[in-house]
Amino acid sequence: MVLRTIKLGETDRIVSILTQGNGKVRAVAKGIRRPGSRFGARLEPTSHVALQCYAGRELDVVTQVETIDAFRALREHYGSLTHAVSMLEAADSVAQERERNQPLYRMLVGGLRTLATNPSALVAPAFFWKLLSLEGFHPILEDCARCGSDEEPFPGFDFGEGGVLCEGCARFGGRRVRPAALALLRRILGGALAGALADPGGGEIVVEVDAAIGSWRAPVRAGARLSSSSTGPGCPAVGPGRTAPAGFPPPWPAAGPREGRGARRR
Ligand SMILES: [Zn+2]
């Protein structure tokens with residue numbers, strides 16, 4: 001899957017590709033910007049291609065390209081293209097060079113295919129949430145992320161705390177979420193994404209699910225690495241009495257005492 005391209009010299013481009021078996025690969029497409037190039041428009045972001053390269057001194061060099069799916073529907077619809085590009089950027093930011101990540105590859109191809117056939121506003125936010133979950137940041141949706149209470153309702157959501165907040169804790173921070181938005185988020189992350197896409201509820205619910213990711217999404221898109229190894233108990237940046245780092249990842253321990261989660265971001 002072509003993630004992005006950058007110009008190189010007069011006629012070439014460096015193409016970043018997310019591969020099925022080799023993680024992110026960067027390769028030079030020589031002469032691609034010349035009129036009549038044999039690569040044509042086959043190496044554009046959102047193109048799903050079969051690629052042959054040879055190993056160059058610094059970068060691989062593309063020798064052959066065959067289109068599997070150009071996802072034309074995405075490019076012809078501006079709204080879909082915007083969503084597709086944000087999904088590509090997010091995948092680009094978490095993919096490691098030459099590090100096999102098949103779940104990410106499958107999620108990206110599946111996500112773009114879904115967007116091409118069903119240009120719902122929910123596809124991109126659902127992709128972001130599932131990407132966070134894949135990277136080890138699965139929000140707590142069944143108990144209060146701050147005090148541990150399992151008593152519904154959970155009218156608050158605080159990404160920094162790690163999930164939903166009960167009535168009492170929601171008074172002290174987080175953003176308000178309506179029950180319908182929480183239900184939708186549970187469906188997205190609980191394996192019922194297809195059903196959620198078929199019937200997402202109103203547009204304002206989708207907006208709320210998107211907004212709950214909040215400012216955390218910006219660093220993902222800017223290219224910060226989501227690294228689960230830098231979270232959790234023992235992480236020097238977060239913990240009681242310490243301040244969370246300014247960027248990604250959010251300070252959620254994978255497991256451990258609830259008190260350890262107390263990184264406030266206000
Ligand atoms: Zn609580």
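Scroll up a little and you will see the structure.
The rules behind each value
Residues numbered from 1 in each chain as written. Predicted model: local features only at pLDDT ≥ 70, side-chain atom pairs only at ≥ 80, totals over all residues. Helix = DSSP H or I, 4+ residues; strand = E, 2+ residues; numbered from the N terminus. Buried ≥ 20, exposed ≤ 12 C-beta atoms within 10 Å, placed from the backbone. Pairing = 2+ DSSP bridges.

(A) Here's a closer look at unusual backbone geometry. A cis amide bond links Glu 152 to the next residue, Pro 153, at an omega of 5°. Mapping Pro 153 onto the fold places it in the loop between α4 (123-134) and β6 (156-158). Although it is not a glycine, Thr 46 adopts a positive phi angle of roughly 85°. In this structure, Thr 46 sits in the loop between β3 (24-29) and β4 (48-54). Overall, Thr 46 belongs to the buried group, with 23 C-beta atoms counted inside 10 Å. Non-glycine residue Phe 71 carries a positive phi angle of around 50°.

(B) The pairing of strand β2 (residues 12-18), seen in detail. Here strand β1 (residues 2-8) runs beside β2; their pairing, made up of six bridges, is antiparallel. Bridge pairing links Thr 5 to Val 15 in β2. Here β1 folds back onto β2, and the loop between the two strands holds three residues, one of which, Gly 9, carries a positive phi near 60°. Strand direction decides the pairing type here: β2 and β3, joined by six bridges, are antiparallel. The residue bridging Ile 17 from the neighbouring strand is Val 25, located in β3. Between the end of β2 and the start of β3, which pair antiparallel, lie five residues, with Gly 23 showing a positive phi angle near 65°.

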